[in-house]
There are 2 protein chains.
Amino acid sequence: MKYTYTHPRPAVTADCVVFGLDDEDLKVLLIQRDNAPFEGCWALPGGFARVGEAIEETARRELAEETGLKGVFLEQLYTFGDPHRDPREHVITVAYFALVNLAAHTVRPDTDARNAAWFEIEDVPELAFDHNRILQTACQRLRGKIRYVPIGFELLPRKFTLRQLQQLYEKILDRTLDKRNFRKKILKMDILAELDEIETDVAHRAARLYSFDKRKYDRMTEEGFNFEL
Amino acid sequence: MKYTYTHPRPAVTADCVVFGLDDEDLKVLLIQRDNAPFEGCWALPGGFARVGEAIEETARRELAEETGLKGVFLEQLYTFGDPHRDPREHVITVAYFALVNLAAHTVRPDTDARNAAWFEIEDVPELAFDHNRILQTACQRLRGKIRYVPIGFELLPRKFTLRQLQQLYEKILDRTLDKRNFRKKILKMDILAELDEIETDVAHRAARLYSFDKRKYDRMTEEGFNFEL
DNA sequence: GCAAAAGTGTTTAATATACACCCATGA
DNA sequence: TCATGGGTGTATATTAAACACTTTTGC
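Rules used in this analysis
Residues numbered from 1 in each chain as written. Chains lettered and ligands numbered in written order. Predicted model: local features only at pLDDT ≥ 70, side-chain atom pairs only at ≥ 80, totals over all residues. Heavy atoms only, no water. Near = heavy atom within 4 Å. Polar contact = N/O pair within 3.5 Å; in protein donor to acceptor, adjacent residues only side chain to side chain. Helix = DSSP H or I, 4+ residues; strand = E, 2+ residues; numbered from the N terminus. Nonpolar A, V, L, I, M, F, W, Y, C, P; charged D, E, K, R; others polar. Axes fitted to C-alpha atoms, helices over the stretch in contact; angles between N-to-C directions. Parallel < 35°, antiparallel > 145°, perpendicular 65-115°, else oblique. Left-handed = near helix turned anticlockwise from the far one by under 90°. Contact = heavy atoms within 4.5 Å. Least-squares fit on C-alpha atoms with pLDDT ≥ 70 in both. Buried < 20%, exposed > 50% of the residue type's maximum accessible area, 1.4 Å probe, protein only. Buried area = accessible area lost by both parts, 1.4 Å probe. Salt bridge = Lys/Arg side-chain N within 4 Å of Asp/Glu carboxyl O. Pairing = 2+ DSSP bridges. Domains from an automatic or database assignment.

Draft legend 1. Highlighting the protein's contact with DNA strand D. Residues in close proximity to DNA strand D total 17 residues, the closest being Arg 205 of chain A together with Arg 163, Lys 179, Arg 183 and Lys 184 of chain B. At 2.6 Å from a base nitrogen of DNA strand D is found a side-chain nitrogen or oxygen belonging to Lys 179 of chain B. Between a phosphate oxygen of DNA strand D and a side-chain N or O atom of Arg 183 of chain B, the distance comes to 2.7 Å. If you list the elements that add at least two residues to the surface near DNA strand D, you get helix H4 (179-188) of chain A together with helix H4 (179-188) of chain B. With 4 residues, the top contributor of residues to the surface near DNA strand D is H4 of chain B. Classifying every residue of the surface near DNA strand D by side-chain character gives 3 nonpolar, 3 polar and 11 charged.

See below:
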């Protein structure tokens, strides 16, 4: 089938930078490419936009097709339109970043990708296209955003300890935080629900579990409160 | 000439939300459309992406063609990809927002647009496509960003008084600020250069002029300082 | 009983806020 | 001389930062 236009058009793709937290390590999900260009090279999951499909849907569909991930937190990151970022032709990509907690979502490699795997942020190899740059932009955005929007909870299991939360922040912000001050601050915000449960299977005193109370948070932001760590 | 592809492609455009400050009023630059759809309707300046042209260049080129504005501060805002946002077909638009100071840039209507004009933000009429929504997104971004990145200076003349700066912030943040506290805070940041000049042609005591010292600011941000008003 | 992490308060410094008057200038 | 905005300081409240020990639990 052929599709003809009076003017040449750049192609459009959507790519996803998927962050996951695994035993306190921040990782990113990559796929190994099946086809040219960059065959065999690691890359961000993503693919071509379809006509009639919202661009975010493109991102979600490709993510599901290539990695099996569904229903994740997804937010638009930036649109990269350099005409030489794809050696074949002018391809504009709308990049998204996603946050998942690894315990709740299992990844299965699928048709388009020979393989999908989690990489430690520091150990990411040379990627296809300008994907290293996109990843870098995503890391910056994550660091910038996590300080004043409580998106960090997307990376944790539904029930978590304050230590897990603190370690997450320390990992992303790349500095240590004072335990007492951290707890004081986050609890005072009143966006966590204290559960009647404690962690299990730990070789020391078990910590209380908490969950993020989105309803409280939404109510507070409406009233002009701002989260800021 | 015809251009043929094996898969259908959405079209891509770039649109600009241009903010300008005029006698302490925040305005946005609109053009009146010459062609269908939405002929005669007011819209954001913008147009179709060319193959081989970086998408930001599309935005700059269209802005210059339609309004005569060149060399302005331009930053990517968001990409809108709803398949029904253009009644003709699926058009993805990469929206940018621009800041200009009206004194330094003159606007001349040009080929594509029958007319270009500045509108008070509050008086913007029903626009073509989803441009009202894009404008709204841009306003939010401007408000959010101006508090922690000193982009406000782009809206002012090179030399300005502290009153002008404060009024700008009050306009955008939509609340009054205490004069003494504002001056203390902004001067303590040490990103303004105090000039040996005062304003002229005012019917009261003339205020000292300042200019934004980008070099100082860049040096400070590198050292991990953060502007925050 | 010891290793490992949970949990908890206070002091001090820094920052934000609230607030009012005299001064210079041009009309 | 009056109207208009320029320019300035201090006291108080709030928030951030620094800091160490006791408790619980599993091994």
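Draft legend 2. Focus on the packing of helix H2 (residues 131-146) of chain B against helix H3 (residues 162-173) of chain B. Residues and elements named next belong to chain B. Here H2 crosses H3 at 130 degrees, and the two axes come no closer than 9 Å. In terms of axis orientation, H2 runs oblique to H3. Every pair of crossing elements has a handedness; the one defined by H2 and H3 is left-handed. Residues Leu 142, Arg 143 and Ile 146 of H2 form the contact with H3, whose participating residues are Tyr 169, Ile 172 and Leu 173. Split into classes, the residues belonging to the contact of H2 with H3 amount to 5 nonpolar, no polar and 1 charged.

Draft legend 3. Summary view of the relation of the copies chain B and chain A. Once chain B has been moved 0.0 Å along the axis and rotated by 180 degrees, it coincides with chain A to within an RMSD of 0.0 Å. On the angle and the small slide along the axis, the relation comes out as a two-fold axis. The C-alpha atom lying nearest the rotation axis in chain B is that of Thr 4 of chain B; the distance is 2.1 Å. The fraction of interface residues of chain B whose copies in chain A are also interface residues reaches 100%, indicating that both copies meet through the same surface.

Draft legend 4. Summary view of unusual backbone geometry. Here the bond from Ala 36 of chain A into Pro 37 of chain A is cis, since omega is -5 degrees, no more than 30 degrees from zero. Tracing the backbone through its elements, the reader meets Pro 37 of chain A in the loop between strand E3 (25-33) and strand E4 (42-43). One non-glycine residue with positive phi stands out, namely Asp 190 of chain B, at about 60 degrees. We classify Asp 190 of chain B as partly exposed; its relative accessible area is 37%. Notably, Asp 201 of chain B is not glycine yet its phi reads approximately 60 degrees, a positive angle. For Asp 201 of chain B, the location among the structural elements is in the loop between strand E9 (192-198) and strand E10 (208-212). With relative accessibility at 81%, the residue Asp 201 of chain B sits in the exposed group.

Draft legend 5. Broad picture of the protein's contact with DNA strand C. Lining the immediate surroundings of DNA strand C are 17 residues, of which Arg 163, Lys 179, Arg 183 and Lys 184 of chain A together with Arg 180 of chain B lie closest. A share of 37% is what sugar and phosphate atoms reach among the atoms of DNA strand C within 4 Å of the protein. Note that a phosphate oxygen of DNA strand C is positioned 2.6 Å from one of the side-chain N or O atoms of Arg 183 of chain A. Backbone polar atom of Arg 208 of chain A to a phosphate oxygen of DNA strand C: 3.2 Å apart, as the coordinates give it. Only H4 of chain A together with H4 of chain B provide two or more residues apiece to the surface near DNA strand C. Among the elements that line the surface near DNA strand C, the one with the most residues is H4 of chain A, at 4 residues. For the surface near DNA strand C, the class distribution of residues is 3 nonpolar, 3 polar and 11 charged.

Draft legend 6. Highlighting the interface of chain B and chain A. Tallying the contact residues gives 30 residues for chain B and 30 residues for chain A. Counting the surface chain B buries against chain A, the share from its top three residues, Tyr 3, Arg 9 and Gln 76 of chain B, is 21%. Inspection of the chain B/chain A interface yields 2 salt bridges. In this structure, Arg 9 of chain A and Glu 89 of chain B form a salt bridge, with 2.7 Å as the shortest nitrogen-oxygen distance. Viewed at the interface, chain A and chain B are joined by 11 residue pairs in polar contact (both at pLDDT 80 or more). Sorting the residues of the side of chain B that touches chain A by element identifies strand E1 (3-5), strand E2 (11-22), strand E6 (73-80) and strand E7 (91-101) of chain B as the ones contributing at least two each. Residue composition of the side of chain B that touches chain A, grouped by class: 16 nonpolar, 8 polar and 6 charged. Note that strand E1 (residues 3-5) of chain A and E1 of chain B share 3 bridges and pair antiparallel. Considered in E1 of chain B, the bridge of Tyr 5 of chain A is made with Tyr 3 of chain B.

Draft legend 7. Spotlight on the domain arrangement of chain A. Residue and element names in this part refer to chain A. Split into domains, chain A comes out as domain 1 (11-146) and domain 2 (158-222). Placing the centre of domain 1 and that of domain 2 at their C-alpha centroids yields a distance of 28 Å. Of the roughly 780 Å² buried between domain 1 and domain 2, counting both surfaces, carbon and sulfur atoms make up 68%. Area buried by domain 1 at its contact with domain 2 is led by Glu 24, Arg 143 and Ile 146, which between them contribute 66% of it.

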